[in-house]
Structure formats: C-alpha cells, structure tokens
Amino acid sequence: VSLLSEQDQRVVREHLSAIQQPVTLLLFTQTFDAPETARMAREVLDELARLNDLIRVEEVNFILEQERAAKYGIENIPAIVLLAGEEDTRMRFLGAPTGYEFMSLIEAVILASTNDSRLTPESRALISAHVSSPTDIQVFVTPT
Amino acid sequence: MARESALIRASCVEATEFMDLSRRFRVTGVPKTIVNGSTEILGALPEELFVRSVLGLPEVPTPADS
C-alpha cells in the first residue's frame, strides 16, 4: 500500500530525477519493542525507494550492531543516516520523516546524490573560511 | 552545510519523538537549531543569516569574514 497518491508519486518521482549517484538510507531501529515511529519511518523510506532505483534502504539493528551505531554517532531510534555510495554525508534524520519532513528528506537525498550543496557562493565562502573544527547542527522540528 | 564541509554534521530531530533531547535543549518552539550542543538559533532564517549564526559570525558582513 502506498502512502502517497498517484499524483504525489508522480511529483516526487519527477523531483527525484535529479539524483545522480546511489543513495543508501540506513535506518537504525530494533527488532523487539521498536517504537511505532520506527515502523512509520520504514514505510516512508520504502516508499521513497520505490520511486527511484538509485535509492536503497538498509535496516540496521541498533541493539545488535552497536559498532555501526557508534560509527555514525547514533544514540536514539529511529534514526536515518544518508550515505552517498559508501560515504557518510553526515546528514541525519531522527524520528519518522513524515509530513513536512518528508520533503526535507527528499531534498537531503538529492543533496546526498550530488556533490552540490546548493548554497550561495557567499555561504560557501563563509563555511570554507570559518569551519575549522567539528560542528554539530541539530534542527528541531515537528511534523505538521 | 554538511555537504559543504566534512567537519559539519547536520541532524533533523523530530522534537515530539525525542522529548528528552527537546527538554535538554529547551525546545519550546520550532524550528529551533542547536549548534555544538549550546548555541541556540530560533526560527527559520534566510540562508546566509543562518550560516552566519551557525558559524557564530555577526549578522552583517565585516572585513574579517574574508
């Protein structure tokens, strides 16, 4: 069963045509007592993967694969890590990407699949000049 | 921004699902951005202003930028 109407699937598929290289969505969850939101996240990711052949979903067991969780700095589930090929893009989604966050996820997938940040030249220059140590950005949102 | 620098990690956190994180960072409205666990940015800002805020730079360009 699809989460999106046929019309919406068309729009998203069209949008995803910008994808240039394979993107893997690592979904950290657990087998037993997984939160309902983890199941929702899986459905959303599967829907996305159905709409473009270059998108793949891989479920990672947060309990059994602690080394991988540590490698990607994952401390809560559900969590989604975006990989471009094998490379960690350092883009994460914590929680089920429903509602408005579904659009953010699509944008993130496209960013991951290209080497273009889509930022303005001014922003790129600022980042290049001023980022010299690890910087962690957490954006808190709610689904609406 | 994470796409632009290998030093940057960017997470989108669903606030209502992670109440402990939301409480820790006193999230009472969204979007709210937390940089390195401390700096707070409220609301959705225009791109360059957001970049400046994340980097801890003044809102208006100064000669020190370049």
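This text goes with the structure placed above it.
Since the model is a prediction, treat every value here as computed from it, not as a measurement.

Engineer: Can you help me understand unusual backbone geometry in this one?
Structural biologist: In terms of backbone geometry, most residues other than glycine have negative phi values and most peptide bonds are trans. With omega at -5 degrees, the peptide bond leading from A:Ile77 into A:Pro78 counts as cis. Mapped onto the elements of the fold, A:Pro78 is located in the loop between α3 (66–71) and β3 (79–84). A cis amide bond, omega -5 degrees, links B:Val30 with the succeeding residue B:Pro31. Within the chain, A:Arg118 stands out as a residue other than glycine whose phi angle is a positive 65 degrees. By the secondary structure assignment, A:Arg118 is in the loop between α4 (100–113) and α5 (121–130). The partly exposed category is assigned to A:Arg118, whose relative accessible area is 48%.

Engineer: Would you mind going over the sheet that holds strand β4 (residues 87–94) of chain A with me for this structure?
Structural biologist: The strands making up a sheet are joined through hydrogen bonds of the backbone, oriented either antiparallel or parallel. Strand order across the open sheet formed by eight strands is β2(A)-β1(A)-β3(A)-β4(A)-β1(B)-β5(A)-β2(B)-β3(B), with mixed pairing between neighbours. If you trace the sheet from one side to the other, it starts and ends with β2 (55–61) of chain A together with β3 (39–42) of chain B, each paired once. The mean inter-strand angle of the sheet, taken between neighbouring strand axes irrespective of direction, is 20 degrees. Of the pairings in the sheet, the one linking β4(A) to strand β1 (residues 8–14) of chain B comprises four bridges and is parallel in character. Within β1(B), the position partnered with A:Phe93 by the bridge is B:Cys12.

Engineer: Sorry if this is basic, but what is going on with α5(A) here?
Structural biologist: Working note: α-helix, 3.6 residues per turn, so residues spaced by three or four point in the same direction. Residues A:Ser123, A:Leu126 and A:Ile127 constitute the buried set of α5(A). The buried residues of α5(A) occupy an angular sector of 95 degrees when the element is viewed end-on, so they sit on one face. Turned more than 90 degrees away from the buried face of α5(A) sit A:Pro121 and A:Ser128, all of them exposed. Next to the buried residues of α5(A) lie β1 and α2 (47–55) of chain B.

Reading the values: rules and limits
- Residues numbered from 1 in each chain as written.
- Chains lettered and ligands numbered in written order.
- Predicted model: local features only at pLDDT ≥ 70, side-chain atom pairs only at ≥ 80, totals over all residues.
- Heavy atoms only, no water.
- Helix = DSSP H or I, 4+ residues; strand = E, 2+ residues; numbered from the N terminus.
- Buried < 20%, exposed > 50% of the residue type's maximum accessible area, 1.4 Å probe, protein only.
- Pairing = 2+ DSSP bridges.
- Axes fitted to C-alpha atoms, helices over the stretch in contact; angles between N-to-C directions.
- Arc of directions from axis to C-beta.
- Contact = heavy atoms within 4.5 Å.

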